[in-house]
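# Structure at a glance
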Amino acid sequence: MSGQEFREISPSEFFYRHREIVGFTNPARATYTSIREFVENSLDAAEAIGVPPDIHVTLMRDEGFEFEVYRLRVEDNGSGIPGEYIPYAFGRILYGSKHTLKQMRGIFGLGGKMAILYGQITTNRPVHIVSSTGGRDVYEYRLLIDVEKNSPIIVEERIHRNGNPKWRGTVVEVFLEGDYQRSSSKIIEYFKETAMANPYAELSFIDPYGVLHLFRRSTTKLPPASREVKPHPHGVDVETLRRIINSTDCKTLKELLVKSFHRVGETIADRFLKTYSLDPYRDPASLTPGEIVDLAYALKNFEEFLPPDPSCLSPLGEELLLEGVRKELNPEFAVAIQRKPSAYSGYPFIVEVALAYGGGTPQTGRITLYRFANKIPLLYDESSDVSWKVVNQVIDWRHYKIDPTRDPVAVIVHICSTRIPYRTLGKEFIADRPEIEAEITRAVRIVARRLADYLSHKRRVEKAREYFSVYERYLRKIACFSSMLTGMDEPDIDKLLRRVKRWKGMEEAL
Ligand SMILES: Nc1ncnc2c1ncn2[C@@H]1O[C@H](COP(=O)(O)OP(=O)(O)OP(=O)(O)O)[C@@H](O)[C@H]1O
Ligand SMILES: [Mg+2]
């Protein structure tokens, strides 16, 4: 006997032991992360059914404990959850409806449950959920998570008749050990930035002091909805390919390629099969493990597949991004651009960048950076993020006559993708994939150029205005003086001034 003891732990147990890797490091951070996870779920649930989100968050101090405990309640007008799924959606880690190739804020099937689990292990109180999909019934549950089994324990279950008009949405309420004092600035910042990237959402937050923070929507226009797509051949690995082959009823390789992959038509499939000398009529089920590995490698490396199309993405668009930036920063000048879709490893992505100058843009002694991924604000670990690298190390702002230490400039970077290359499960910062870095750099250069144009125009106008006031003040005196010296008639000064006014730049300045 080696003396070692082997055993398996459940996903709940794993995340219970390592909760810091998903942002539950201390009571302050846990307060922020819990709010964020529930708000993200609510935003996803409203957008999934195409309604402008209405989200109300309340954080209240609960006095029944020796330590700092809060009651967190988040209510939304989203899709609601069918009754039979509620216990699992909130009581089984890694369970969720977002394991698809489609842009959503949620990805792991983890966030909401981690907040619930954290609440449970700090206060031993069940989560309370009320939800309806807008049908006849409203479901109410009180749940605990059985950490060892990774399954829900139903403490209470009730079904109510829906009212009239029928309510649709979800309310989640948890008790958790928290620290509002240390997390309040991050929480308010989170709401402000969420309002910036989601100008069509109405967000309210009542803090533990009873203060209402209201972020009103400024538009009801939603970004285009994302569609689920099939996997792109460049993003396929051996495991995915093996699963596709096991579950397909396609009888030939060619049919498999055309039916199971994104952006593969008959012609491209023929060309691919010919390039790799593969028999189009071969039964996929007959492929040996070694042949599956070769096929996955060939799919990844064949360069003629069209890039993934962006219908699975839901970017904000220049208009909405500008709307959000204007609403929250009230700048003197703002510009937004959307880059064309691009892809890394078979995953499509779109970069959108805005720039704000002056007005309410914060002046921090450096370029203020707002980072968003799939419309989620990223507030921690800024200097590890690819956008930080671009804004602070790649771009030479002097080239655009912008002084980052003095000019009030904010750069807003939004990346959307079916697979954001987050570096951690906490979704806080993005890896510097070269394709993404290149797109952000291009986009920042474009907006910086526009700001440079605006500033040089503004400086020209200011100069012209200055010159003119000098002319106006002294020209009359000079004319009078020179006519006295020369004995000639005084020229028509007004005519002269009118001519000066027509000079380039002067006209706009006056
Ligand atoms: N407010 C809500 N309205 C509707 N469905 C919800 C809501 N909150 C959670 N859900 C459902 O519960 C599932 C689990 O949520 P959870 O936050 O645990 O994971 P996720 O959002 O899928 O992924 P992530 O770990 O990235 O947050 C979601 O996939 C969704 O189907
Ligand atoms: Mg979630």
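Residues numbered from 1 in each chain as written. Chains lettered and ligands numbered in written order. Predicted model: local features only at pLDDT ≥ 70, side-chain atom pairs only at ≥ 80, totals over all residues. Heavy atoms only, no water.

## Brief notes about the overall build of the protein chain
Condition: Each helix is a run of H or I in the DSSP string that is no shorter than four residues. Each strand is a run of E no shorter than two, and both are numbered from the N terminus. Radius of gyration here is computed from C-alpha atoms only, and the compact-globule reference equals 2.2 Å multiplied by the residue count raised to the power 0.38. Throughout this description, buried means an accessible area under 20% of the type-specific maximum (1.4 Å probe, protein chains only), exposed means over 50%, and partly exposed covers the range between. For this analysis, residues touch if any pair of their heavy atoms sits within 4.5 Å. Using a 1.4 Å probe, accessible areas were evaluated by the Shrake-Rupley method; residue-level cover was limited to the displayed protein chains. For this count, His and the chain ends are skipped, Lys and Arg are scored as positive, and Asp and Glu as negative. Where a charge lies is defined by one atom per residue type, namely NZ (Lys), CZ (Arg), CG (Asp) and CD (Glu).
Scanning the protein chain from N- to C-terminus turns up 14 helices and 14 strands. Against the globule reference of 24 Å for 510 residues, the protein chain gives a C-alpha radius of gyration of 30 Å, more extended than a compact globule. For the C-alpha atoms alone, the extent of the protein chain along its principal axes is close to 115 × 70 × 60 Å. Within the protein chain, the fraction of its 510 residues that count as buried is 50%. Considering only contacts in the protein chain between residues 6 or more positions apart, those separated by 24 or more positions represent 73%. Total accessible area on the protein chain stands at roughly 25,200 Å², and carbon and sulfur atoms take up 50% of it. Here the protein chain holds 72 positive side-chain charges and 70 negative ones, and the gap between their average locations is 5 Å.

## Some words on helix α6 (residues 238-247)
Here is the rule we go by: Summarising the geometry, the arc corresponds to the directions from the helix axis toward the C-beta atoms.
Among the residues making up α6, those that are buried are L241, I244 and I245. Buried residues along α6 cover an arc of 95° about the axis, so they all sit on one side. In α6, the exposed positions angled more than 90 degrees off the buried face are occupied by R243, N246 and S247. Next to the buried residues of α6 lie α7 (253-260) and α9 (289-301).

## Quick look at the nonpolar core
The line we're drawing: Residues grouped as a nonpolar core are buried Ala, Val, Leu, Ile, Met, Phe, Trp, Tyr and Cys residues, joined through side-chain atoms within 4.5 Å.
Core analysis: the biggest nonpolar cluster contains 45 residues, and I35, V57, L72 and F191 have the highest contact counts within it. Beyond its immediate chain neighbours, meaning those up to four positions away, I35 contacts V57, L59, L72, I187, F191 and F205. Listed in part, the 38 residues of the second largest apolar core include F333, Y344, V409 and A448.

## A look at the pairing of strand β1 (residues 54-62)
Within a regular strand, side chains alternate between the sheet's two faces. Selection rule: At least two DSSP bridges between two strands are needed for those strands to be called paired.
For β1 and strand β7 (residues 202-206), the ladder comprises five bridges, and the chain directions are parallel. When the sheet's bridge partners are listed, D54 is paired in β7 with E202. Inspection of the sheet shows β1 paired to strand β2 (residues 69-76) by eight bridges, in the antiparallel sense. Note on β2: the bridge partner recorded for D62 is V69.

## Some points on the sheet that holds β2
What counts is decided by this rule: Helix axes are fitted only over the stretch in contact, all axes being lines through C-alpha atoms; the angle between N-to-C directions runs from 0 to 180 degrees.
The strand order across the open sheet formed by eight strands is β5-β4-β3-β6-β2-β1-β7-β8, and the pairing between neighbours is mixed. Looking at the sheet topology across the chains shown, the edges are occupied by β5 (151-161) and β8 (212-215). Here the average twist between neighbouring strands, direction ignored, is 15°. The sheet contact formed by strand β4 (residues 137-146) and β5 spans 10 bridges and is antiparallel.

## Focus: the site of ligand 1
Heads up, the condition is: Note on definitions. A residue lies near a molecule or strand when any single heavy atom of the residue is within 4 Å of it. Polar contacts, as counted here, are pairs of nitrogen or oxygen atoms within 3.5 Å of one another; within protein the pair requires one atom able to donate a hydrogen and one able to accept it, and residues that are adjacent in sequence qualify only if both atoms are side-chain atoms. For this classification, Asp, Glu, Lys and Arg are treated as charged, while Ala, Val, Leu, Ile, Met, Phe, Trp, Tyr, Cys and Pro are nonpolar and the rest, including Gly, are polar.
Around ligand 1, a shell composed of 24 residues is seen, among which S97, I107, L110, G111 and K427 lie nearest. A distance of 2.9 Å separates an oxygen atom of ligand 1 from a polar backbone atom of G109. Looking at the shell around ligand 1, the elements that each hand over two or more residues are α2 (27-48), α3 (86-91) and α4 (111-123). When residues of the shell around ligand 1 are assigned to their parent elements, the largest contribution, four residues, is made by α2. When its residues are assigned to classes, the shell around ligand 1 shows eight nonpolar, 11 polar and five charged.

## Here we look at the domain arrangement of the protein chain
Often the size quoted for an interface is simply the accessible area lost on bringing the parts together. Our working rule: How far each domain reaches was decided by an automatic or database domain assignment.
Taken as a whole, the protein chain is organised into domain 1 (11-215), domain 2 (233-301), domain 3 (310-454) and domain 4 (458-509). Summarising the inter-unit geometry, the C-alpha centres of domain 1 and domain 2 are found 41 Å apart.

## Comments concerning the pattern of salt bridges
Rules: Just to be clear on terms, a salt bridge is a Lys or Arg side-chain nitrogen sitting within 4 Å of an Asp or Glu carboxyl oxygen.
Taken as a whole and assessed by the stated rule, the structure comprises 41 salt bridges. Among the salt bridges present, the one from E439 reaches R339, with a minimum N-O distance of 2.7 Å. Here E439, found in helix α12 (residues 434-486), pairs with R339, found in the loop between β9 (333-338) and β10 (342-344); they are 100 residues apart in sequence, far enough to count as distant. The class for R339 is buried, based on a relative accessible area of 16%. Ionic pairing is found between R371 and D385, a salt bridge with its closest N-O pair at 2.8 Å. With a gap of 14 residues between them, R371 in strand β12 (residues 368-373) and D385 in the loop between β13 (376-378) and α11 (386-394) connect regions that are remote in the sequence. Its relative accessible area of 3% is what places R371 among the buried residues. Each of the salt bridges in this network shares a partner with another, and the network as a whole consists of D44, E47, K98, R105 and K375.

## A look at the packing of aromatic side chains
The relation between two aromatic rings is expressed through the spacing of the ring centres and the mutual angle of the planes. Rules: Stacked, tilted and edge-to-face are the three classes applied to pairs of Phe, Tyr and Trp rings, where Trp contributes its six-membered ring and a pair requires centres within 6.5 Å; stacked means planes under 30 degrees apart, edge-to-face means over 60, and tilted covers the rest. Our definition puts a charge over a ring when NZ of Lys or CZ of Arg is within 6 Å of the ring centre and also within 35 degrees of the ring normal.
This structure, assessed with the given rule, holds 21 aromatic pairs. Relative to F302, the ring of F272 lies with its centre 5.3 Å away and its plane at 75°, an arrangement referred to as edge-to-face. Pair noted here: F272 is in helix α8 (residues 266-275) and F302 is in the loop between α9 and α10 (318-329), with a separation of 30 residues, a long-range link. Take F272 and F302: they sit in the same class, and that class is buried. Site record: aromatic cluster; members linked through ring pairs are Y32, Y180, Y190, F191, F205, Y209, F215 and Y380. If you follow K186 out to its NZ or CZ, it ends over the ring of Y380, 4.7 Å from the centre.

## Examining the pairing of strand β3 (residues 127-132)
Burial analysis of β3 places five of its six residues in the buried class, the great majority of the element. In terms of strand pairing, β3 meets β4 through five bridges, oriented antiparallel. In the sheet register, H128 faces β4, and the bridge partner there is R142. Taking the residues between adjacent antiparallel strands as the criterion, β3 and β4 are bridged by four residues, where G134 takes a positive phi near 95°.

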